[in-house]
Amino acid sequence: MNAHRIFAIATLALTAFACPPGRAGMIVEVQDPRQIAQQQQVIFPQAEVKVVAFEFESASGDERGKQLAKGLHDQFLAKIQYLPGGAIVTYVAKPGEKIQSYRVTVEQAARQQKAQIAVWGRVLADAKGAVRTNMRITLIERPPGISAEYANTAQRAARAPVSTRGVIDAPVTQTRIDFTTVAGDISPLANFLSGLVRYYKGSARDGAVASRWLNGSVVDFRKYLAAVDEKADMSAAAQAHLYLARALVRLAAVDKANSATLLGRAKDDADQAARLNAYDAEAPTVQAVIAARMNAPAALTQSYLSKAIAAAPLDSTARVN
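The following paragraphs examine the structure supplied in this document. Quick caveat, the model's predicted, so the values are computed rather than measured. (Residues numbered from 1 in each chain as written. Predicted model: local features only at pLDDT ≥ 70, side-chain atom pairs only at ≥ 80, totals over all residues. Heavy atoms only, no water.)

### Observations regarding the overall build of the protein
Then step 1. Tallying secondary structure elements over the protein gives nine helices and eleven strands in all.
Then step 2. Across the protein, every contact between residues at least 6 apart in sequence was considered, and the portion connecting residues at least 24 apart equals 66%.
Then step 3. For the protein, the exposed surface amounts to about 14900 Å²; the carbon and sulfur share of it is 52%. (Helix = DSSP H or I, 4+ residues; strand = E, 2+ residues; numbered from the N terminus. Contact = heavy atoms within 4.5 Å. Areas by Shrake-Rupley, 256 points an atom, 1.4 Å probe, with all protein chains shown as cover.)

### Considering the packing of helix α3 (residues 187-203) against helix α5 (residues 234-254)
Then step 1. As a packed pair, α3 and α5 sit with axes 11 Å apart at the nearest point and diverge in direction by 30°. By the angle class used here, α3 and α5 are roughly parallel. α5 is crossed by α3, and the crossing has left-handed handedness. Here α3 contributes Phe-192, Leu-196, Tyr-199 and Ser-203 to the contact with α5, which in turn contributes Ala-236, Gln-239, Ala-240, Tyr-243, Arg-246, Ala-247 and Arg-250.
Then step 2. Split by residue class, the contact of α3 with α5 holds seven nonpolar, two polar and two charged. (Axes fitted to C-alpha atoms, helices over the stretch in contact; angles between N-to-C directions. Parallel < 35°, antiparallel > 145°, perpendicular 65-115°, else oblique. Left-handed = near helix turned anticlockwise from the far one by under 90°. Nonpolar A, V, L, I, M, F, W, Y, C, P; charged D, E, K, R; others polar.)

### A look at the environment of Ser-58
Then step 1. Its location among the elements puts Ser-58 in the loop between β4 (49-54) and α1 (64-80).
Then step 2. A residue is classified by how much of its surface remains accessible, and Ser-58, at 14% relative accessible area, is buried.
Then step 3. As a C-alpha pair, Ser-58 and Gly-121 span 63 residues in sequence and 9.0 Å in three-dimensional space.
Then step 4. A polar side-chain atom of Ser-58 sits 3.0 Å from a polar atom in the side chain of Lys-98. (Buried < 20%, exposed > 50% of the residue type's maximum accessible area, 1.4 Å probe, protein only. Polar contact = N/O pair within 3.5 Å; in protein donor to acceptor, adjacent residues only side chain to side chain.)

### Observations concerning unusual backbone geometry
Then step 1. Unusually for a residue other than glycine, Phe-44 sits at a positive phi of about 55°.
Then step 2. Even without being a glycine, Lys-114 presents a positive backbone phi close to 55°.
Then step 3. Inspection of the secondary structure puts Lys-114 in the loop between α2 (106-112) and β6 (117-125).

### Side note on the pattern of salt bridges
Then step 1. Scanning the entire structure with this criterion turns up twelve salt bridges.
Then step 2. Among the salt bridges present, the one from Lys-267 reaches Asp-271, with a minimum N-O distance of 2.7 Å. Of this pair, Lys-267 and Asp-271 both sit in helix α6 (residues 259-276), separated by four residues, roughly a single helical turn.
Then step 3. Each of Glu-48, Lys-201 and Arg-205 takes part in salt bridges that share partners, so that together they form one network. (Salt bridge = Lys/Arg side-chain N within 4 Å of Asp/Glu carboxyl O.)

### Some thoughts on the side chain of Thr-285
Then step 1. For Thr-285, the position within the fold is in helix α7 (residues 282-293).
Then step 2. With residues up to four places along the chain from it excluded, the contact list for Thr-285 reads Asp-169, Ala-170, Ala-308 and Asn-321.

### Some thoughts on the nonpolar core
Then step 1. In this structure, Ile-117, Val-119, Ile-137 and Phe-179 are the most contacted members of the largest nonpolar core, which totals 72 residues.
Then step 2. Broken down by element, the residue count for this core peaks at 13 residues, all from α5.
Then step 3. Apart from the residues within four sequence positions on either side, Val-119 is in contact with Val-51, Val-52, Ala-53, Phe-54, Leu-72, Val-106, Met-135, Arg-136, Ile-137 and Leu-193.
Then step 4. Residues Met-26, Ile-43, Val-52 and Ala-93 belong to the second largest nonpolar core, which totals 19 residues. (Core = buried A, V, L, I, M, F, W, Y, C linked by side-chain atoms within 4.5 Å.)

Next up, the structure:
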């Protein structure tokens, strides 16, 4: 049963609806949106991975932005209730008020709350009044990427062989994920968000302890991809495939017996990401890491890195790789 109580954050007066024990979530009804910009008390300060969400923007007099934000909050919370260290805080203004009217950004609130992820959205209505939703995820703190050792010895004519050794680094560089318009059910977006949070948790660990969270991340991203038309939102689908590839690479390092199979699946997802978004340097860099881990010919690994440089010529990591 939800508990209702008054919760004070600095000079901001608000009503907070706390979730049952063991579920780290709070919907905060803001009484004076102008005060959100001020320094606030951190909610769930011990959270390992925290999401901060705002009510979705909507037309004047339309309260569905609040309803959708609360719906996403509840769906996401149901998915992470058994994820220790996961938390979500959702801000909604009191009836008749809109947070966005005060130009407060969700990123600003997320940083104050020491959150890793910020979520924002917009509610649109078509001519028949049907609800359509846009959502954006911003990574305030990026999760770890993946890397691989690289070694190559080239035999030059009439010269001694030249040996190259180093590390190919594939960090998470995309800090904003914009989703195309979704009509009706927003549960696929909750699946994506849940998969992302589980990747945060699993990627911060080594060994068998990471397997549970990484496998959970894979399941959630697969659910997202199964529920959406990738042709309608190729950019977000590419990001889902990239996180799947990263999670599978990390699982391959843990599960030695199934390493080859997991790396093969990771390659499939990285290839899908590259197909869906040829302009994202993250995809060929992830492909290069996987190729190096699979002991592919050096020429193949180098071709991926060349594509990454072509896609992002000013990226220092691409040039170092």
